[in-house]
Amino acid sequence: MTALPLAASAGDATGGWDGCGIVAVLGAMALAVLDAAIANVALPTIGRSLAVTPAMAIRVVTAYQLGVVIMLLPAAALGESIGLRRVFTAGVVLFTGASLLCTFAPSLTWLVAARFLQGIGGAAIMALGIALLRFIVPPHQLGTAIGWNALVVALSSAAGPMIGAAIITVGSWPWLFVINLPTGALVLLATRTVPALEGTGRSLNLGSVVLNTATFALLMIGAEYAASRPIVTATMFAGALSTGAMLFGREGHSEAPLLPVDLLRMSSFRVSVIASILCFAGQTAALVALPFHLQHAFGLSPLMTALYLLPWPLTVTLAGPLAGRLANHASTAWLCFIGGLLLASGLGATAMVPGYYQPAAIGLCMMICGLGFGLFNVPNNRNMFMSAPIERSGAAGGMQGVARLTGQIAGALQMTFLFAFASLAVAPRIGLAIGALMTLASGATSILRLQPVE
């Protein structure tokens, strides 16, 4: 395939859609999201099989998350340097190969190490997926493509626990990772149709990579100890703040920095990043609080709780493509504001639903939340990418992932402290209320970037 320079859009070059390229990107995204969701539901089974405590079994999840978070920005920078398709494909190869290692893991240590490698591969997929879509589809259709991506992510998130439960019901836990092998092979075949983009040839600054790794590793480790060892958490966060400041100062004058300071100087991009952090912090706090709220206040079983939460991701699958089409023609700032307002309304209403059995009210609130998140997330991502020069698409993708994970860590920490200092009867409602305020703030923040429609 003829290589295209990063400054050119494959969508512009072809004037149409590359169906196989879209399948490659969306298939890889589904692979990464499904695997995370499937592994989560199987933690008790994995713990019993490997004879480890539940606290130790959670490392199977945190190892994957750590691999993702520390590699998002380096993977994005490497993609811009040597070519987006090359690094994206390498990510799929690493993810699939690590799945094979997970399948044959004889111990928790082996499995945790393999999951960490999966996370590194997943980081390349997440950082560069939407960036590649920018070269696959025409610019005026990018919102639609991002909407499809939201649909795939939402469906994968919703289906993951059910698929995982079905697999461990009829087989052993290694089969959770076996299913990645044929899917990964098919995605690899499809990546051959993705435009081969020439990189800039700039080398990665090793010192910046080390500081980036230290910053996010300290944040993740500190978050893990937030409830049990607050002094350790405070020390880790102080270290993360120090290394992050060093990274910011080091990268401030670079032409194409690992931490995209150049993009953060752009008002529209910066506002989208801040709004994304606020939205994901509020959403994550709510998703942590909701199971406790539904089981404690309404007396629902875990299975019924999962069913009551299901309308949220299912509504996102409908709202995502709709928001994508709207984002191609309407103001993304106003769409994000409406989305944040709806999400905040759904969370606030859930917190105020009386503590007796009202299934219709809960289901309606979850649908409002899903509609709001879909209307916010897709236009916000589109604006983030369209605000960045096309040759910095990889950096924009990396920063989009960092914003999401930063918000998720903040939301989880919020609920950790609430559960530590408030009763189970009160903490989930407070968490939902704070989540509503944060998502409302995300929509209000988006108004700051009001501008003519692209």
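What follows covers the side chain of Arg115. By the element assignment, Arg115 lies in helix α7 (residues 108-136). A polar atom in the side chain of Arg115 sits 2.9 Å from the side chain of Gln118.

Take the packing of helix α11 (residues 206-224) against helix α12 (residues 230-251) next. It is the contact of α11 with α12, at a shortest axis distance of 8 Å, that shows an interaxial angle of 155°. The pairing of α11 with α12 is recorded here as roughly antiparallel in orientation. As α11 runs across α12, the sense of the crossing is left-handed. For the pair α11 and α12, the contacting residues are Gly207, Ser208, Leu211, Asn212, Ala214, Thr215, Leu218, Leu219, Ile221, Gly222 and Ala223 in the first and Thr233, Met236, Phe237, Gly239, Ala240, Thr243, Gly244, Met246, Leu247, Arg250 and Glu251 in the second. Taken together, the residues of the contact of α11 with α12 sort by class into 11 nonpolar, nine polar and two charged.

On the surface, a nonpolar cluster with roughly 310 Å² of combined accessible area is contributed by Leu94, Leu101, Trp110 and Leu117. Listing elements by their share of the nonpolar patch, those giving two or more residues are α6 (84-103) and α7. Topologically, Leu101 is positioned in helix α6. Accessibility expressed as a relative area gives 36% for Leu101, which makes it partly exposed.

At a minimum axis distance of 10 Å, the contact between α7 and helix α8 (residues 142-170) shows a crossing angle of 145°. Every pair of crossing elements has a handedness; the one defined by α7 and α8 is right-handed. Every residue of α8 that contacts α7 at Ile130, Leu133 and Arg134 is listed here: Leu142, Ala145, Ile146 and Asn149. Split by residue class, the contact of α7 with α8 holds five nonpolar, one polar and one charged.

For helix α18 (residues 359-387), which comprises 29 residues, the first-to-last C-alpha distance of 42 Å matches the rise-based estimate of 42 Å (1.5 Å per residue) to within 8%. Of all 29 residues in α18, 21 are buried; the element is thus mostly enclosed.

Within this structure, the stated rule accounts for three salt bridges. Across the salt bridge formed by Arg115 and Asp35, the nearest N and O atoms sit 2.4 Å from each other. With Arg115 in helix α7 and Asp35 in helix α2 (residues 19-41), this pair connects stretches of sequence that are 80 residues apart. By the burial criterion, Arg115 is buried, and Asp35 matches it.

The tally for this structure, following the rule as stated, stands at five aromatic pairs. Centre to centre, the rings of Tyr64 and Phe95 are 6.5 Å apart; their planes meet at 80°, and the pair counts as edge-to-face. One end of the pair, Tyr64, is in helix α5 (residues 59-82); the other, Phe95, is in helix α6, and 31 residues separate them in sequence. Of the residues examined, Tyr64 reaches a relative accessible area of 4% and is grouped as buried. What makes Phe95 buried here is its relative accessible area of 0%.

Here the focus is the confidence of the model for the protein. Keep in mind that low pLDDT regions are not for reading the predicted coordinates in detail. Scored by pLDDT, the protein comes out at a mean of 84, with 93% of its residues at no less than 70. The secondary-structure element of the protein with the lowest mean pLDDT is helix α1 (residues 10-14), recorded at 44, while α6 shows the highest, at 94. Contacts of residues 7-16 to residues separated by more than four positions or lying in other chains number 24 contacts, the stretch itself having pLDDT below 50.

Turning to its location among the elements, Leu94 is positioned in helix α6. A relative accessible area of 30% places Leu94 in the partly exposed class. Sequence separation between Leu94 and Gly119 is 25 residues; the distance between their C-alpha atoms is 9.1 Å. Setting aside residues no more than four positions away along its own chain, Leu94 makes contact with Leu117, Ile120 and Gly121.

Quick notes on the rules
- Residues numbered from 1 in each chain as written.
- Predicted model: local features only at pLDDT ≥ 70, side-chain atom pairs only at ≥ 80, totals over all residues.
- Heavy atoms only, no water.
- Helix = DSSP H or I, 4+ residues; strand = E, 2+ residues; numbered from the N terminus.
- Polar contact = N/O pair within 3.5 Å; in protein donor to acceptor, adjacent residues only side chain to side chain.
- Axes fitted to C-alpha atoms, helices over the stretch in contact; angles between N-to-C directions.
- Parallel < 35°, antiparallel > 145°, perpendicular 65-115°, else oblique.
- Left-handed = near helix turned anticlockwise from the far one by under 90°.
- Contact = heavy atoms within 4.5 Å.
- Nonpolar A, V, L, I, M, F, W, Y, C, P; charged D, E, K, R; others polar.
- Patch = residues over 30% accessible without salt bridge, like charges linked within 9 Å, V, L, I, M, F, W, Y side chains within 5 Å.
- Areas by Shrake-Rupley, 256 points an atom, 1.4 Å probe, with all protein chains shown as cover.
- Salt bridge = Lys/Arg side-chain N within 4 Å of Asp/Glu carboxyl O.
- Buried < 20%, exposed > 50% of the residue type's maximum accessible area, 1.4 Å probe, protein only.
- Expected span 1.5 Å × (residues − 1).
- Phe/Tyr/Trp six-rings, centres within 6.5 Å; stacked < 30°, edge-to-face > 60°.
- pLDDT = per-residue confidence, 0-100.

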